[in-house]
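Chain residues, written in single-letter form:
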Amino acid sequence: MASLSGEDASQHSEGLSLSDLESLHSLRSRSASVSSTGSSGRLQLRQRVAHLMACVEDVSSDDEIHEEVSRTLDEAFLICGKKLKDKWHEFRLHLVTWNVGTASPPPDVTSLLQLNSQGPTTDMYVIGLQEVNSKITNFLSDLAFDDPWSIFFMTVLSPLGYIKLSSVRMQGLLLLIFVKHIHLPFLRDIHTQFTRTGLYGYWGNKGGVSIRMSLYGHTVCFMNCHLPAHMENTEQRLDDFEKILEMQFEGENIPSTLEHDVLFWFGDLNFRIADYGIHFVRESINNKRYSLLWEKDQLNMAKKTEAFLKEFIEGPLQFNPTYKFDLYSDVYDTSEKKRKPAWTDRILWRVKHLCQNASKEGEFSEEEQTIFVTLNNYVSHMSYGISDHKPVTGTFGLELKPLVSVPLVVLNPEGEWSAEHDVIIRYSTVPEFPSSAWDWIGLFKRADGLHLSLQVTFRHTNDYVTYAWVEDDEISSDKDSKQVYMSAAEIPTMGGEFLLCYYSNNLQSIVGISEPFRIQPSKTSAEKDLAQGENSWMQQPDNLESRDESEDRKGI
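Treat the numbers as computed from the prediction; the structure is a model and nothing was measured.

A. Seen up close, the pattern of salt bridges. The full count for this structure, using the stated rule, is 11 salt bridges. Lys-324 is paired through a salt bridge with Asp-388; the nearest N and O atoms lie 3.9 Å apart. With Lys-324 in the loop between α10 (298-305) and β9 (345-351) and Asp-388 in the loop between β10 (371-380) and β11 (392-400), this residue pair connects regions lying 64 residues apart in the sequence. One salt bridge in this structure joins Arg-459 and Asp-463, with 3.4 Å as the shortest N-O distance. Taken together, the salt bridges that share partners define one network made up of Asp-297, Glu-314 and Arg-346.

B. Highlighting the packing of aromatic side chains. The final tally for this structure, using the stated rule, is 28 aromatic pairs. Between Phe-264 and Phe-396 the ring centres are 5.1 Å apart and the planes differ by 70°, which places this aromatic pair in the edge-to-face class. With a gap of 132 residues between them, Phe-264 in strand β8 (residues 262-268) and Phe-396 in strand β11 connect regions that are remote in the sequence. Each member of the pair, Phe-264 together with Phe-396, is buried. The buried category is assigned to Phe-396, whose relative accessible area is 1%.

C. Geometry of the sheet that holds β10. Sheet architecture is open: 6 strands sit in the order β3-β4-β2-β1-β11-β10, paired in mixed fashion. Single-partner strands in this sheet number two, and they are β3 (162-170) and β10. For this sheet, the mean inter-axis angle between neighbouring strands, taken without regard to orientation, is 15°. Looking at chain direction, β3 and strand β4 (residues 173-180) are connected through 8 bridges and run antiparallel. Of the residues in β4, the one forming a bridge with Met-170 is Leu-173. In the packing of helix α6 (residues 148-157) onto the sheet, the strands contacted are β1 (89-99), β2 (124-130), β3 and β4, and the crossing angle to β4 comes to about 15°.

D. Structural context of α6. Among the residues making up α6, those that are buried are Trp-149, Ser-150, Phe-152, Phe-153, Met-154 and Leu-157. If you check the start of α6, you find a side-chain oxygen 3.0 Å away from the backbone N of Trp-149, and it comes from Asp-147.

E. Broad picture of unusual backbone geometry. In this structure, the amide linkage connecting Tyr-323 to the following residue, Lys-324, adopts the cis form with an omega of 5°. Of note in this structure, Tyr-216 is not a glycine but carries a positive phi near 50°. As for its position among the elements, Tyr-216 is in the loop between β6 (203-215) and β7 (218-226). Residue classification places Tyr-216 among the buried positions, given a relative accessible area of 10%.

What counts, and where the lines are drawn
- Residues numbered from 1 in each chain as written.
- Predicted model: local features only at pLDDT ≥ 70, side-chain atom pairs only at ≥ 80, totals over all residues.
- Heavy atoms only, no water.
- Salt bridge = Lys/Arg side-chain N within 4 Å of Asp/Glu carboxyl O.
- Helix = DSSP H or I, 4+ residues; strand = E, 2+ residues; numbered from the N terminus.
- Phe/Tyr/Trp six-rings, centres within 6.5 Å; stacked < 30°, edge-to-face > 60°.
- Buried < 20%, exposed > 50% of the residue type's maximum accessible area, 1.4 Å probe, protein only.
- Pairing = 2+ DSSP bridges.
- Axes fitted to C-alpha atoms, helices over the stretch in contact; angles between N-to-C directions.
- Contact = heavy atoms within 4.5 Å.
- Polar contact = N/O pair within 3.5 Å; in protein donor to acceptor, adjacent residues only side chain to side chain.

Spelled out as structure tokens, the structure:
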């Protein structure tokens, strides 16, 4: 992006007066003529905006000029906003990283997840944990059932309309993604990966876990890492991260981590504050003079010298270092070791088109930029004391131009549904849809009386009532649609509100969701219905063993 140099800006800003602002009133008419000249016009417009910013800096104390400029900019934003409204979408993302030190979940995570925020609703939660309890008894239990942290976050977020999209675990490393159900058909090609770096790659106490996906056609990857500890192991941390970048999704028919449009890198990265003594560090923290410590932060120093790190962006560290604290306090380590405070817990991101722009300056077209990342908030949460680390969160806005806006599958129930007869599902797909014999359609419960924004209560893809294989249970097909049946014996006798979801084995995701619909209660006795319903719903969340064979086939 073109901009004026500091010397040019200072020359142009001299002598600015109210008369100079007369030209701003014709901003709209000039913008219209400029836009007709194509890319050269946009370059001129960017130069004028840069010039304006320099002028505003010079006269920021003049209230009259400030008000005039603000009014004119409001008009400009209104013009641009009308053009972009139908083409762009802001996807709101809240990312958490927390070394939980083998602890159990806390009683409340309202502030951690910003559940009381007055701002726009979060579209996706990405939660990266390190040092989840991985003792052999706990780990084996968690392999058979969801671990306590996953259950905890599902319990919190499911009633708010969030579905667990995906998860991956490697010993103490856990990565969870929850999303509003409305986005499910547009989140595709979901894959997980893990890379061990502990004990020369044979042990998973250190390393990285990742979840990647296509989000409205844009490739996005989330990478949760736990790197080696201790002040002297900076080079080992850098080597391990470089190894993780190289090995994630290696040999698979999907982009490498650095080829994704956006890559988020976070976790207990274990970088320390070098050179300064503990007393200077603590004094700087007490006086909130964090900037004194930034230049000796090992990650900041590495970003200046390591080519593979230079493209990663991080928000300002305007919060207390997050390690090491006495448990259940905001007091730094008082043990005999007296660890020096450090910003070990970090969130960074990398945008591919920005890297391309930097390497091909002058050749990059503005039209090619279809996704932008904005950091809205980067903070630690001092109130949580279950670990010697404080959690860190980053709230992001992903401004994106959707590259896909039509579901791959459209499906709906046919006729009236009840447990007294077999029922029919009709669905159609886009021509290029990669269907598979392993695809299935699930019936999911919706709580009666919920607001439309909270219209689902299933916690994850496995949380279905019943399902049908799209090929095995097909009963008719034509060029426009296909029909699949579900047996009456599998339909809930108590009735209620439900949804149908089409799961694609090739894309590892739900690619179509029906509108909510009602299943009529059967005419059998209410007492029998109640007994059957209670037994079914009590067994479903925990008793998944009976589904093992089907789950293996479905690949979920």
